[in-house]
Amino acid sequence: MGKIVIIDFETTGLSPRLGDRATEVGAVIIDGHKIIDKYQSLMNAGIAIPGFIQQLTGITNTMLRQAPTCQKVMQELADFIGDMPLAAHNASFDTLFLDAEWERIGYQRRQPFTCSLLLARRLYPHFPDHKLGTLVRHLKLPTTGTYHRALADAEMTASLLMNIKKDLQQQYNLSSVPHELLCLLQKTPKAGIANVIKKARLKLDL
DNA sequence: TGCCAGGCCCTCTTTAGGGCCTT
């Protein structure tokens, strides 16, 4: 109950439709306000990583030559995730790559995705921007490794999401913040959040 | 040939345009 998988992909570019592929995936499971499990793997799609992305992520073509196939990694990831709901920072990006890589192994995502970027824009509108690094710095969250590596980014996104849940709980005096409520809030204009929580409090017994 | 992401959000908007965010 209350578990969410936070996921992050490193890729060869921005668009699976233009042929970009995943190069690394990191995923962590949170239960309430704790990380309880982690998964990480590089993956070899057999295509070259552009130079500027190698510089950005530190993931090189040499590293990928030794990496397992995308098919193997995506099957392991599907087993790791099971039917738990998902979250990511700028989830529209990770949704595209997860769906595209899973489609290649004949697997279809069924669970909803929550976006910590959309939630952070609503909860922390006064921050200078809503990049993952900026949010981690301003909220004084732990940095767990190198930015732009999949597991470190997934862990920091998990810390961010747990902070968002904690702030919602305190601000609105909620007993819990289920994934269903996060899905509702990420689509709610800032001015409507209190009203959505009021309705959800009755419906979800919060 | 030349171009090329895509979803969300704001505003000098809605018959649109541009910035943010992800690699």
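Now for a description of the structure that goes with this document. (Residues numbered from 1 in each chain as written. Chains lettered and ligands numbered in written order. Predicted model: local features only at pLDDT ≥ 70, side-chain atom pairs only at ≥ 80, totals over all residues. Heavy atoms only, no water.)

## Details of the protein's contact with DNA strand B
At step 1: Near DNA strand B there are 29 residues, and of these E10, R17, N90, R122 and H130 occur at the shortest range.
At step 2: Here, DNA strand B places atoms within 4 Å of the protein, and 68% of those atoms are sugar or phosphate.
At step 3: Residue assignment for the surface near DNA strand B shows that the elements contributing at least two residues are β1 (3–11), α1 (51–57), α4 (91–104) and α5 (116–123).
At step 4: Across the surface near DNA strand B, the residue classes tally to 10 nonpolar, 10 polar and nine charged. (Near = heavy atom within 4 Å. Helix = DSSP H or I, 4+ residues; strand = E, 2+ residues; numbered from the N terminus. Nonpolar A, V, L, I, M, F, W, Y, C, P; charged D, E, K, R; others polar.)

## A few points about the packing of aromatic side chains
At step 1: For the coordinates displayed, the defined rule picks out four aromatic pairs.
At step 2: Seen from their ring centres, F93 and F97 are 4.9 Å apart, and the 45 degrees between their planes marks the pair as tilted. One end of the pair is F93 and the other is F97, both in helix α4 and four residues apart, which spans about a single turn.
At step 3: Here Y124 and F127 contribute two aromatic rings whose centre-to-centre distance is 5.2 Å and whose plane-to-plane angle is 10 degrees, an arrangement assigned as stacked. The same class applies to Y124 as to F127, namely buried. (Phe/Tyr/Trp six-rings, centres within 6.5 Å; stacked < 30°, edge-to-face > 60°. Buried < 20%, exposed > 50% of the residue type's maximum accessible area, 1.4 Å probe, protein only.)

## Topic: the pattern of salt bridges
At step 1: For the coordinates displayed, the defined rule picks out six salt bridges.
At step 2: With a shortest N-O distance of 2.8 Å, R109 and D99 are connected by a salt bridge. Of the two residues, R109 is situated in the loop between α4 and β5 (113–115) and D99 in helix α4; the sequence distance between them amounts to 10 residues.
At step 3: You can call R109 partly exposed: its relative accessible area is 24%.
At step 4: In this structure D99 comes out as partly exposed when scored by relative accessible area, which is 28%.
At step 5: For the salt bridge of D129 with K131, the shortest nitrogen-to-oxygen distance reads 3.9 Å.
At step 6: Given a relative accessible area of 24%, D129 falls into the partly exposed group. (Salt bridge = Lys/Arg side-chain N within 4 Å of Asp/Glu carboxyl O.)

## Section: the nonpolar core
At step 1: Judged by nonpolar contacts, the single largest core of 33 residues is most densely connected at Y124 and L181.
At step 2: Listed by contribution, the elements that provide at least two residues to this core are β1, β2 (22–31), α5, α6 (132–138), α7 (150–172), α8 (179–185) and α9 (193–203).
At step 3: It is α7 that provides the largest number of residues to this core, a total of eight residues.
At step 4: Apart from residues no more than four positions distant in its own chain, L181 is found in contact with L174, V196, I197, A200, L204 and L206. (Core = buried A, V, L, I, M, F, W, Y, C linked by side-chain atoms within 4.5 Å. Contact = heavy atoms within 4.5 Å.)

## Description of the packing of helix α3 (residues 70–81) against α4
At step 1: Running from N to C, α3 and α4 cross one another at 115 degrees; their axes reach a closest spacing of 9 Å. Between α3 and α4, the angle is such that the two are roughly perpendicular. Of the two elements, α3 crosses α4, and the hand of that crossing is left-handed. Within the contact between the two elements, α3 uses C70, M74, L77, A78 and I81 and α4 uses L98, E101 and W102.
At step 2: Across the contact of α3 with α4, the residue classes tally to seven nonpolar, no polar and one charged. (Axes fitted to C-alpha atoms, helices over the stretch in contact; angles between N-to-C directions. Parallel < 35°, antiparallel > 145°, perpendicular 65-115°, else oblique. Left-handed = near helix turned anticlockwise from the far one by under 90°.)

Purely geometric stuff here, so don't read any function into it on its own.
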